[in-house]
Amino acid sequence: MIFKTSHIFDFLNFFSKLSFRKANNLCLLISSYYFSKFTSRIHQKGSPVSISIEPTTTCNLRCPECPSGLRAFSRPTGNLDQDFFRKTIDELHKDLIYLIFYFQGEPYLNPDFLEMVSYASEKKIYTITSTNAHFLTDDNARKTVVSGLDRLIISLDGSTQEIYESYRIGGKLDKVLEGTKNIINWKKKLKSKKPFLIFQFLVVKPNEHQIGDVKKLADQIGVDKVLYKSAQIYDYENGNDLIPSIDKYSRYRKLPDGRYSIKNSIKNSCWKMWHSDVITWDGKVVPCCFDKDAKFVLGDLRKNSFQEVWKNPEYDKFRSAILKGRDKIDMCKNCTEGTKVWL
């Protein structure tokens, strides 16, 4: 792995968000997690150091393995309210190290998105979002840089229009590249090192032959890093045209009988249940990003404070279920931690 100056800045920028309180809180989380893991008894100290919050469920694309793209949500859909967001951040910011402005949907479709980024940045929280980059106009690119966003992940799943749109259905590769260049131009104009810019390449069989091309494209444009991500496939047991043939980038392995299974073993532990969670646009708290349709609601921030939800019996019941039999929880069966490859 080659580290650029931008990588070092991003590393230092992340750690600049720490305070004594945040570091102490992180230590409490780590110690309580390992105590719970090794004793199989729930012990939860501290507040989350990371949350994901959903700006919107709306998306302009129709990606085949995404509930937003398929328009297949059974839960309510809508946009995150800015006042609710501020209230949530006001409660959490003293312990929060980083905030992921993404769950489902395209964040830039929420008209208040960048104002919320600015608010979180002012609270000294490391901010991250993921976008399909179709709305990074020159003006939005300028506003993005001004907002203080720390990390911008751009989905780029092909180096040609034909391959790109085979998964990002309805997408335009030229708009993605134009939006990326707009961000880079405004970083230069405003003499800003932020946001740290990433191309995320979701590896599926139709695009796997372009893995090297995307790395070259990123270097040519001036993108800071490329992330190759393995794809979650809903119907994988009998095979799927999206499963990569390159084993390194596949979450699944072929069995002797021709069927497929998940490669990773499912262990009875999950660090995410102790240090982070996900908040939907309408205030529902769910365990993690694998609960895309919010089937495991652990609390509602419209009715209770975050601490009341974080410490409630339902949350501990779910944590306990993880420790006793994670493989029995539907949401966890397709979970493959550690499947991202950085180059």
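1. Focus on the overall build of the chain
Logical step 1: Scanning the chain from terminus to terminus reveals 12 helices and 12 strands.
Logical step 2: Taken over C-alpha atoms, the radius of gyration comes to 20 Å for the chain, in line with the 20 Å a tight globule of 343 residues would show.
Logical step 3: Partitioning the intrachain contacts of the chain with sequence separation of at least 6 by distance along the chain shows that 69% fall at a separation of at least 24.

2. Some words on helix 12 (residues 313–325)
Logical step 1: In this model helix 12 runs 18 Å from its N-terminal to its C-terminal C-alpha over 13 residues, within 8% of the 18 Å that 1.5 Å per residue would give.
Logical step 2: Among the residues making up helix 12, those that are buried are Y315, F318, R319, S320, I322, L323 and G325.
Logical step 3: The opening residue of helix 12 is N312, an N-cap whose side-chain oxygen sits 3.1 Å from the backbone nitrogen of E314.

3. Considering unusual backbone geometry
Logical step 1: Cis peptide bonds are those with omega within 30 degrees of zero, and the linkage from K194 to P195 qualifies with 0 degrees.
Logical step 2: Mapped onto the secondary structure, P195 falls in the loop between helix 8 (173–189) and strand 5 (196–203).
Logical step 3: Despite not being glycine, S40 has its phi angle at roughly 60 degrees, a positive value.
Logical step 4: Note that S40 resides in the loop between helix 2 (20–39) and strand 1 (50–53).

4. Structural notes on the nonpolar core
Logical step 1: With 82 residues, the main nonpolar core has F85, L99, F101 and F199 as its most contacted residues.
Logical step 2: Counting residues in hydrophobic clusters, the runner-up holds six residues, among them I128, I153, F196 and L227.

5. Thoughts on the side chain of R319
Logical step 1: Tracing the chain through its elements places R319 in helix 12.
Logical step 2: Among the polar contacts listed, one links the side chain of R319 to the backbone oxygen of W310, at a separation of 3.4 Å.
Logical step 3: Beyond its immediate chain neighbours, meaning those up to four positions away, R319 contacts I42, Q44, M273, W274 and W310.

6. What about the packing of aromatic side chains?
Logical step 1: Tallied over the full model, the rule gives 17 aromatic pairs.
Logical step 2: One aromatic cluster is present, formed by F11, F14, F15, Y98 and Y126 through successive ring pairs.
Logical step 3: Looking at K189, its charged tip hangs above the ring of W186, at a distance of 4.5 Å from the centre.
Logical step 4: Lying over the aromatic face of F84, R302 brings its terminal NZ or CZ to 4.1 Å of the ring centre.

7. Some details on the pairing of strand 6 (residues 225–230)
Logical step 1: Along strand 6, five of the six residues are buried, which leaves the element largely enclosed by surrounding structure.
Logical step 2: Relative to strand 6, strand 5 runs parallel, the two sharing six bridges. Looking at the pairing, V203 lines up with S230 of strand 6.

8. Let's talk about the pattern of salt bridges
Logical step 1: What the rule picks out here adds up to 16 salt bridges.
Logical step 2: Close ionic contact of D300 with K284 constitutes a salt bridge, the shortest N to O distance being 3.7 Å. In this pair, D300 is assigned in strand 11 (residues 299–300) and K284 in strand 10 (residues 284–286), connecting sequence segments 16 residues apart.
Logical step 3: Residue D300 is classed as buried on the basis of its relative accessible area, which comes to 12%.
Logical step 4: Residue D327 pairs with K328 through a salt bridge whose shortest N-O separation is 3.9 Å.

9. So, helix 4 (residues 82–92)
Logical step 1: Every buried residue of helix 4 is listed here: Q82, F84, F85, T88, I89 and L92. On an axial view of helix 4, the arc spanned by its buried residues comes to 155 degrees, and they lie on one face. In helix 4, the exposed residues that point more than 90 degrees away from the buried face are D83 and K87.
Logical step 2: Each element contacted by the buried residues of helix 4 is listed here: strand 1, strand 2 (98–101), helix 5 (113–122), strand 9 (276–279) and helix 11 (306–310).
Logical step 3: Backbone nitrogen of D83 and a side-chain oxygen of the N-cap are separated by 3.1 Å at the start of helix 4; the cap is D81.

10. A closer look at the confidence of the model for the chain
Logical step 1: The predicted model of the chain has a mean per-residue pLDDT of 92, with 97% of residues at 70 or higher.
Logical step 2: Segment residues 338–343 is flagged for pLDDT under 50; beyond a separation of four residues in sequence, or across chains, it makes 23 contacts in the model.

11. Examining the pairing of strand 9
Logical step 1: Along strand 9, one buried face is formed by S276 and V278 and the opposite face, lined by D277 and I279, is buried too.
Logical step 2: As paired strands, strand 1 and strand 9 are joined by four bridges and run parallel to one another. Within strand 9, the position partnered with I53 by the bridge is I279.
Logical step 3: By the bridge criterion, two bridges tie strand 9 to strand 10 in an arrangement that is antiparallel. The residue bridging V278 from the neighbouring strand is V286, located in strand 10.

12. A look at the state of the cysteines
Logical step 1: Counted by the stated rule, this structure contains zero disulfides.
Logical step 2: Left unpaired, C288 is separated from the closest cysteine sulfur, that of C289, by 5.0 Å.
Logical step 3: Among the residues examined, C288 registers a relative accessible area of 9% and is labelled buried.
Logical step 4: In this structure C289 comes out as partly exposed when scored by relative accessible area, which is 35%.

What counts and how
Residues numbered from 1 in each chain as written. Predicted model: local features only at pLDDT ≥ 70, side-chain atom pairs only at ≥ 80, totals over all residues. Heavy atoms only, no water. Helix = DSSP H or I, 4+ residues; strand = E, 2+ residues; numbered from the N terminus. Rg over C-alpha atoms; globule rule 2.2 N^0.38 Å. Contact = heavy atoms within 4.5 Å. Expected span 1.5 Å × (residues − 1). Buried < 20%, exposed > 50% of the residue type's maximum accessible area, 1.4 Å probe, protein only. Polar contact = N/O pair within 3.5 Å; in protein donor to acceptor, adjacent residues only side chain to side chain. Core = buried A, V, L, I, M, F, W, Y, C linked by side-chain atoms within 4.5 Å. Phe/Tyr/Trp six-rings, centres within 6.5 Å; stacked < 30°, edge-to-face > 60°. Lys NZ or Arg CZ within 6 Å of the ring centre and 35° of its normal. Pairing = 2+ DSSP bridges. Salt bridge = Lys/Arg side-chain N within 4 Å of Asp/Glu carboxyl O. Arc of directions from axis to C-beta. pLDDT = per-residue confidence, 0-100. Disulfide = S-S within 2.5 Å.

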